[in-house]
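Residue-level listing of the chains:
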Amino acid sequence: MIGLEKLGNTLVLAGTLSGADVLEAHALLLAECGSPDAASLDLSGVEAIDTRGVQLIASFLRTREGNLVSAVSAPVEAFISRIGALSLLGTQP
Amino acid sequence: MTTEALVETFHRETDELLAALEQDLLELETTSDAPDTIDRLFRAAHTLKGNAGMVGFSDFVRLTHALENVLDRLRSRTMSVSEPVIEASFEALDVLKSSAQALLSGAPSIVTPEYERALQGLAALCEGEVLEAPSLEARLVDAELYFRPEFFENGEDVTTFLEEFALLGDVISAETLFDRVPPLADLAPEACHLGLRIRLRTTSGSMGVVGMAVLSVDEENLRVEELAEEKVEVVPPPSTTPVEVAPAPTPAAPAPATTAARAAHAVTENIRVDAVKLDGLMDLVGELVVAISQLSEDRTQHVVERLETLGRDLQTRVMGLRMLPVAEGFERFRRPMRDLAKELGKQIEFTTEGGETQLDKKVIDALLDPLKHMLRNCVSHGLEEPAERLALGKPAAGRVHLSAAQREGQVLIEISDDGRGIDTARVLEKARERGLVADGQTPSERQIYEYMFAPGFSTAREVSEISGRGVGLDVVKRALQALRGSVEVDSKVGKGTTFRIRLPLTLAIVEGMNVRVGPETVTIPLPNVVELIEPSADSIRTLEGVHEFLDVRGELLPMVRLNDVLALPKGDENSAEARVVIVETERRKFGLLVDRVVGMSQAVVKPLDRSYELIARMAHNFVKPRGVNGAAILGNGNVGIILDVHGLESTAFGAT
């Protein structure tokens, strides 16, 4: 189950970003990314994520070039660290 | 995946890859300009090499590498297909087959004189290029790869992929690559657009990495490079991010001998199952669970009937999981047929048909030897020499055709040739010499063919290694009978011979007639049952005070009391319910006197080795006689005996 809320110019994702929920999250983000002021992504409410979820974030960032991931939850950080994807967060090794 | 699991996967895939290599080499031999075949051969050799590297079988890698070199030259047309190339490739293939077996049984080394000869044979084709065995010292390897789009759909994930890589050695760094991920509007969220850059230290070297990666990555999306240690010091790979990788239990790939020893006896028998069959099964189990839950609320006839239907469907589908197309088994004959024809100086055109026909895996496995015997017979006895054929107006290449088809709940397999046919006069002469035919008896054509299946029977004037010792058709017949099958022959002199084999679809279920004999229920397989007779006092006659016969509409049929041959306590054979079940084998029709008929059923056969003790306990003083095929769980939950009519016939009337 995934939820998307827009707070100011930040898109806040909450719930699970894995399994079939990635499809729903894709649809939600696709609808929102047309909004010109959707500048950053807050993942602090994401409880679980898998590789497809990480790919979705990468796709969002590609779509809205220059946007940032403003916050992440501990499970998200642990997972993207595990697969060597910290560059998504703008974190340098 | 554990190391043991990797080794098991290696052996399983090696069998399939070697079989595919053999088929493609045979194809290449007949159609030398076949780029697709050469590509397939190269890919198979390449995958074999990678798989072997992954588990540290370096000598296996060396030989597959040499084969791959030759195939690569064929692919790039710097070498052309020729007899020496084909022969050297077959030689290498045979050594790889025996090497795989040796590794499976835990052999410490596969380097034999044959191995060296095969290696040199391939090297000679490549202008004497010397092929060094890969070093087992740990090396640094950089790999950059992009997964196949279906990576996620196949249940794979970058984390599990990294865990598997960790089995190869020390993963120093890994970085997920996003440069091929499209923008949201173009993203197919279920497809994989990711890549991975990975550096590891492994004894498997680049070949081990390739072997691991090719399972999830197309060749064109894979770049692997072995690095010298000093190169690593000076030029670190770009944007490499140190990461935590799931446990790396083994610092390096295990030494081959240790791995092989652990793998010995560890490979289990596997059946590849069509995913559609599994989906159907899953649906059915789901329905079953729902029906069972309904039972707690509603025990009406409707729910019980539904459960019965589901139970039957479930049984049918589970049985279906064992059913495999016979094609794979058929294709295994192509190479031995080619070799045999070459050895005998004959030419053959071997064709197959109906490979999609499905049979129980156990039946297929048990059928291979009998079929091999019969096919060898066709080539060695049936087909004429090319010159003789040409003189007879036939094509120089003799035709041997192997076909399979389903007919009336059975599988019909035919082996036919267009050779010289069976000389019935010669068979009869031999049969008389061996005392198989009584003086003055004039056997029918069918009976004459039957003599060929007698133990030790042969009409060959010279004994050769291939045939002529009379060891063959009797073994074939016994093997087929053990499969509850039969074989018959049809032949025309000068035109050819056809062997027709009939087999049940599965050995696990038998349709049978349940009869009561003393205290036991016995299942007589339905294919053997001809009819049921209610005996009258004057229809049973005794000859010489011993043998009993039943008069069936004027025909006297031998009759046996089933309790006698099965050593079961006597029941009430004189009751009004007593019946004679007329059964038939290829040799004779005879009657079985039973106490009463219970009905028809489908029995699930339980092998006797496991259930024998149970039967022995169940039936006091029960001694396993010939004529018992196995045990069955009956509808009421009791254990019954399944009759082996052929074995019973031998017990009651002797072997012939």
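Just so we're clear, the structure is a prediction, and the values are computed from it rather than from any experiment. (Residues numbered from 1 in each chain as written. Chains lettered and ligands numbered in written order. Predicted model: local features only at pLDDT ≥ 70, side-chain atom pairs only at ≥ 80, totals over all residues. Heavy atoms only, no water.)

A. Structural view of the side chain of B:Thr64. All names here are of chain B. Turning to its location among the elements, Thr64 is positioned in helix α3 (residues 58-75). On the basis of relative accessibility, which here comes to 0%, the residue Thr64 falls in the buried class. A polar side-chain atom of Thr64 sits 2.8 Å from the main-chain carbonyl oxygen of Phe60. From its side chain, Thr64 meets the backbone oxygen of Val61 in a polar contact 2.9 Å long. Those residues within four positions of Thr64 in sequence are excluded, and the remaining contacts are Ala45, Leu48, Lys49 and Leu96. (Helix = DSSP H or I, 4+ residues; strand = E, 2+ residues; numbered from the N terminus. Buried < 20%, exposed > 50% of the residue type's maximum accessible area, 1.4 Å probe, protein only. Polar contact = N/O pair within 3.5 Å; in protein donor to acceptor, adjacent residues only side chain to side chain. Contact = heavy atoms within 4.5 Å.)

B. Spotlight on helix α4 (residues 83-104) of chain B. Residues and elements named next belong to chain B. The end-to-end C-alpha separation of α4 is 31 Å, in line with the 32 Å expected for 22 residues at 1.5 Å each. Considered for burial, the residues of α4 that qualify are Val85, Ile86, Ala88, Ser89, Phe90, Ala92, Leu93, Val95, Leu96, Ser99, Ala100 and Leu103. Looking one or two places after α4, you find Gly106, whose phi comes out positive at around 85°. (Expected span 1.5 Å × (residues − 1).)

C. Quick look at the packing of α3(B) against helix α5 (residues 113-125) of chain B. All names here are of chain B. With their axes 9 Å apart at the nearest point, α3 and α5 run at an angle of 30° to one another. On the basis of their axis angle, the class for α3 and α5 is roughly parallel. Remark: the crossing between α3 and α5 carries left-handed chirality. For the pair formed by α3 and α5, the contact residues are Asp59, Arg62, Leu63, Ala66, Leu67 and Val70 on the first element and Tyr115, Glu116, Ala118, Leu119, Leu122 and Leu125 on the second. Taken together, the residues of the contact of α3 with α5 break down into nine nonpolar, no polar and three charged. (Axes fitted to C-alpha atoms, helices over the stretch in contact; angles between N-to-C directions. Parallel < 35°, antiparallel > 145°, perpendicular 65-115°, else oblique. Left-handed = near helix turned anticlockwise from the far one by under 90°. Nonpolar A, V, L, I, M, F, W, Y, C, P; charged D, E, K, R; others polar.)

D. How the structure looks around the environment of A:Arg64. Along the chain, A:Arg64 falls in the loop between α2 (51-63) and β4 (68-72). Separated by 31 residues in the primary sequence, A:Arg64 and A:Cys33 have C-alpha atoms spaced 7.3 Å apart.

E. Seen up close, the packing of aromatic side chains. Residues and elements named next belong to chain B. Applying the stated rule across the entire model yields seven aromatic pairs over all chains. Ring centres of Phe147 and Phe161 lie 4.9 Å apart, and the angle between their planes is 85°; this geometry places the pair in the edge-to-face category. One end of the pair, Phe147, is in strand β1 (residues 139-147); the other, Phe161, is in helix α6 (residues 158-166), with 14 residues separating them in the sequence. Note on Phe147: relative accessible area 4%, which makes it buried. Measuring from centroid to centroid gives 5.9 Å for Phe151 and Phe152, while their planes differ by 55°, and the two rings are tilted. (Phe/Tyr/Trp six-rings, centres within 6.5 Å; stacked < 30°, edge-to-face > 60°.)

F. Region of interest: the interface of chain A and chain B. Tallying the contact residues gives 25 residues for chain A and 31 residues for chain B. Note on chain A versus chain B: buried area summed over both sides is about 2300 Å², and carbon and sulfur give 64% of it. Summed over the shared surface of chain A and chain B, the result is two salt bridges. Across the salt bridge formed by B:Glu190 and A:Arg52, the nearest N and O atoms sit 3.7 Å from each other. Where chain A touches chain B, the interface holds eleven residue pairs in polar contact (both at pLDDT 80 or more). (Buried area = accessible area lost by both parts, 1.4 Å probe. Salt bridge = Lys/Arg side-chain N within 4 Å of Asp/Glu carboxyl O.)

G. Just the pattern of salt bridges, in detail. All names here are of chain B. The full count for this structure, using the stated rule, is 41 salt bridges over all chains. The closest approach of N and O atoms between Asp339 and Arg338, which form a salt bridge, is 2.7 Å. When its relative accessible area of 29% is taken as the criterion, Asp339 is described as partly exposed. Here Glu429 and Arg426 are joined by a salt bridge, their closest N and O atoms 3.6 Å apart. Taken together, the positions of Glu429 and Arg426, both in helix α16 (residues 424-433) and three residues apart, correspond to about one turn of that helix. Among the residues examined, Glu429 registers a relative accessible area of 41% and is labelled partly exposed. Members of the salt-bridge network, linked through shared partners, are Glu22, Glu29, Glu83, Glu87, Asp94, Lys97, Arg335, Arg338, Asp339 and Lys342.

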